[in-house]
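# Results of the structural survey
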Amino acid sequence: MKILVCGSHGRMGQFIISLASQYGCEVIGEMNRESNFEAELSKNPDVCLDFSSPDALIKLCSIAEKYKTKIVSGTTGLSDEQERRVTLSAENFPILYGTNFSIGIFILNKLVKAAAKSLPTSFDIEIIEAHHSQKKDAPSGTAMTLLKAIQGERQCVENFGRHGECKRSIGEIGLHSVRGGDIVGDHEVLFAGQGERLELIHRATNREVFARGALYAAQKFVAINRPGLYTLDDVL
Ligand SMILES: NC(=O)c1ccc[n+]([C@@H]2O[C@H](COP(=O)([O-])OP(=O)(O)OC[C@H]3O[C@@H](n4cnc5c(N)ncnc54)[C@H](OP(=O)(O)O)[C@@H]3O)[C@@H](O)[C@H]2O)c1
């Protein structure tokens, strides 16, 4: 399978390049800030793996429309407008988008959905995420995905962090972002009831897991030809 790597100089891009051959992938091109995207996409790769920035992803999508290049993207921090732009592009070619390519997080999402559906609404829900000090966006894309999964099961309103007078209101979900050191990525969803609490926790200890998950998903995704916006749910 021939792949392009968008964001190849970055931490994730470097992992993708070093692990690619283990997943039967040959890297035929790389894209970074100074790259000519059109020249790279014209190489006709099977898939372009993107871990870059929202601006780069939007640029990638606009040029991929011409070449119908399949994209697997894990870039986070997209604005609502950028999300809409990606969704529009996916009407023309297949895009697999995931805010977290770890297989453990994929299962966490399913467990969180099940808990949000089955536990009485009297259980209070809080999402706590922790990442390294250089992370640009907060809350993490994964925390937002977990929030949406819960909101798909019950009515609740997010509350980003708390300070001062802030007694909890019914149907509220608190989101808390911890930043420090070299934390790769922790996500905890807490369901707190009266006399018991359920804590669902995932900890990534090495960023390699995201690259491995993306390469694994790309292997499956390459068989999909119908345009659309896909998630890991569709390929795993
Ligand atoms: N979904 C997941 O599982 C997952 C896991 C980890 C990280 N991520 C996300 O993946 C993204 C990359 O993370 P990272 O830690 O690898 O970041 P990073 O080390 O900062 O690398 C970013 C890469 O993107 C390129 N880039 C940035 N803006 C660009 C632009 N406008 N045009 C072209 N290239 C551009 C950079 O190129 P230059 O070197 O030329 O600046 C660099 O190669 C982030 O959004 C992060 O949150 C997702």
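Residues numbered from 1 in each chain as written. Predicted model: local features only at pLDDT ≥ 70, side-chain atom pairs only at ≥ 80, totals over all residues.

## Considering the overall build of the protein
Counting its secondary structure elements, the protein contains eight helices and eleven strands. Its C-alpha atoms give the protein a radius of gyration of 19 Å, near enough to 18 Å, the size a compact globule of 236 residues would have. In terms of overall dimensions, the protein has C-alpha extents of about 60 × 35 × 30 Å along its principal axes. Sequence separation of at least 24 residues holds for 70% of the intrachain contacts in the protein that already meet a minimum separation of 6. (Helix = DSSP H or I, 4+ residues; strand = E, 2+ residues; numbered from the N terminus. Rg over C-alpha atoms; globule rule 2.2 N^0.38 Å. Contact = placed C-beta atoms within 7 Å.)

## Considering the sheet that holds strand E10 (residues 197-204)
Pairing between the strands of a sheet is mediated by backbone hydrogen bonds and can be parallel or antiparallel. Taken together, five strands build an open sheet; the order of strands is E7-E8-E6-E9-E10 and the sheet is mixed. The open sheet is flanked by strand E7 (157-160) and E10, the only strands paired with a single partner. Strand-to-strand twist of the sheet, defined as the mean angle between neighbouring strand axes without regard to direction, takes the value 15°. Pairing of strand E6 (residues 124-131) with strand E9 (residues 185-192) involves seven bridges; the strand directions are antiparallel. (Pairing = 2+ DSSP bridges. Axes fitted to C-alpha atoms, helices over the stretch in contact; angles between N-to-C directions.)

## A few points about the site of the ligand
Lining the immediate environment of the ligand, one finds 23 residues, of which Gly-7, Gly-10, Asn-32, Arg-33 and Gly-74 sit closest. Where the shell around the ligand is concerned, the elements lending two or more residues are helix H1 (11-19) and helix H3 (54-67). In terms of residue count, H1 provides more of the shell around the ligand than any other element does, three residues in total. Across the shell around the ligand, the residue classes tally to five nonpolar, 15 polar and three charged. (Near = placed C-beta within 6 Å. Nonpolar A, V, L, I, M, F, W, Y, C, P; charged D, E, K, R; others polar.)

## Regarding the sheet that holds strand E4 (residues 71-73)
Spatially, six strands are ordered E2-E1-E3-E4-E5-E11 in an open sheet, and the strand pairing comes out parallel. In this open sheet, the two strands that pair with only one neighbour each are strand E2 (26-31) and strand E11 (228-230). Going across the sheet, the axis of each strand differs from the next one's by a mean of 20°, ignoring polarity. Pairing between strand E3 (residues 47-50) and E4: three bridges, direction parallel. From the neighbouring strand, Cys-48 faces E4, where its bridge partner is Ile-71. Lying on the sheet, H3 is in contact with strand E1 (2-6), E3 and E4; it crosses E3 at an angle near 165°.

## A closer look at helix H6 (residues 141-151)
Along H6, the positions that sit buried rather than exposed are Thr-142, Ala-143, Met-144, Thr-145, Leu-146 and Ile-150. Structurally, H6 contributes buried residues whose contacts are with helix H5 (103-118), E6, strand E8 (172-179) and E9. (Buried ≥ 20, exposed ≤ 12 C-beta atoms within 10 Å, placed from the backbone.)

## Considering the environment of Ile-95
Along the chain, Ile-95 turns up in strand E5 (residues 94-97). The exposure class of Ile-95 is buried, given the 26 C-beta atoms found within 10 Å. Ile-95 has contacts with Ile-71, Ser-73, Val-86, Ser-89, Ala-90, Leu-229 and Tyr-230, leaving out every residue within four places of it along the chain.

## Let's talk about the domain arrangement of the protein
Split into domains, the protein comes out as domain 1 (2-101 + 208-235) and domain 2 (103-204). Of the residues lining the interface, seven residues belong to domain 1; the matching set on domain 2 comes to eleven residues. The class makeup of the residues in the side of domain 1 that touches domain 2 is two nonpolar, five polar and no charged. (Domains from an automatic or database assignment.)

## With respect to unusual backbone geometry
Most peptide bonds are trans, and most residues other than glycine sit at a negative phi. In this structure, the amide linkage connecting Ala-138 to the following residue, Pro-139, adopts the cis form with an omega of -10°. Along the polypeptide, Pro-139 turns up in the loop between E6 and H6. You will see that Asn-44, though not glycine, has its phi angle at about 60°, which is positive. Of note, Lys-68 is a non-glycine position whose phi angle comes to about 55°, a positive value.

## Points about the packing of H1 against helix H7 (residues 208-221)
Across the interface, H1 lies against H7 with an axial gap of 9 Å and an inter-helix angle of 55°. The angle between the axes of H1 and H7 places the two elements in the oblique class. For the pair H1 and H7, the sense of crossing is right-handed. Contact residues: Met-12, Phe-15, Ile-16 and Leu-19 in H1; Glu-208, Phe-210, Ala-211, Arg-212, Ala-214 and Leu-215 in H7. Here the residues of the contact of H1 with H7 sort into eight nonpolar, no polar and two charged. (Parallel < 35°, antiparallel > 145°, perpendicular 65-115°, else oblique. Left-handed = near helix turned anticlockwise from the far one by under 90°.)

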